[in-house]
Amino acid sequence: MADTGKERGLVPALVIVALLICVGTPAYVAYRNWADPRTKAGMTEAATAYLDAWRDADYAAAYRWVCAEEQRKHPQEEWARYHAAPDIESYRIVEVVIEDRGEAPTGYYVEADLTDAAGKVHLWHFELYDESDGWRVCYETPVDRR
């Protein structure tokens, strides 16, 4: 008789799991199809404003697009000295990515080709964070294209 009680509890649990899979998965996919383009648009806007200001050597404006964590670590003067090179003539956003990393937090980044004054193109990777006042550039690294 004890086995019958366990079996009765198993059926409702299986029904709930089946419903979560059948309803939850399509709902998640629909949400991502709606949310991702909006998120990518915000990321692109932030990266474009940041890169426009950096290209124009308007370091105060570019610094406003830097995340709060980086601003705490690096005062504006120090940050501006680091960003004086490379001298960016132009840029092109190559890719805007929302990366599901399994157990790790989702990654949000923009990759852009930066053309320096000598005409050399450098690929840069910009990590973005969504802060209370919008998307901000938090980490940037040049990428070696070997």
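Residues numbered from 1 in each chain as written. Predicted model: local features only at pLDDT ≥ 70, side-chain atom pairs only at ≥ 80, totals over all residues. Heavy atoms only, no water.

Some words on the state of the cysteines
- On inspection of all chains with the given rule, the structure shows 1 disulfide.
- Each disulfide pairs two cysteine sulfurs, and for Cys67 the partner residue is Cys138, the sulfurs being separated by 2.0 Å. Across the disulfide from Cys67 to Cys138, rotation about the S-S bond amounts to roughly 55°, and the bridge is consequently right-handed. Pair noted here: Cys67 is in the loop between α2 (59-64) and α3 (68-73) and Cys138 is in strand β4 (residues 134-143), with a separation of 71 residues, a long-range link. The same class applies to Cys67 and to Cys138, which are both buried. (Disulfide = S-S within 2.5 Å. Helix = DSSP H or I, 4+ residues; strand = E, 2+ residues; numbered from the N terminus. Buried < 20%, exposed > 50% of the residue type's maximum accessible area, 1.4 Å probe, protein only.)

Re the nonpolar core
- In this structure, Tyr50, Leu51, Trp54, Leu114, Phe126 and Leu128 are the most contacted members of the largest nonpolar core, which totals 25 residues.
- When contributions to this core are tallied by element, the ones reaching two or more residues are α1 (2-55), α2, α4 (76-83), β1 (88-99), β2 (107-116), β3 (121-131) and β4.
- With 7 residues, the single largest contributor to this core is α1. (Core = buried A, V, L, I, M, F, W, Y, C linked by side-chain atoms within 4.5 Å.)

A few points about the packing of aromatic side chains
- Scanning the entire structure with this criterion turns up 8 aromatic pairs.
- With a centroid separation of 5.5 Å and an interplanar angle of 65°, the aromatic rings of Tyr63 and Trp79 are classed as edge-to-face. Here the residue Tyr63 occupies a position in helix α2, and Trp79 occupies one in helix α4, the gap between them amounting to 16 residues. For the pair shown, Tyr63 and Trp79 are each scored as buried. (Phe/Tyr/Trp six-rings, centres within 6.5 Å; stacked < 30°, edge-to-face > 60°.)

In short, the description is geometric, and any link to function would need to be established separately.
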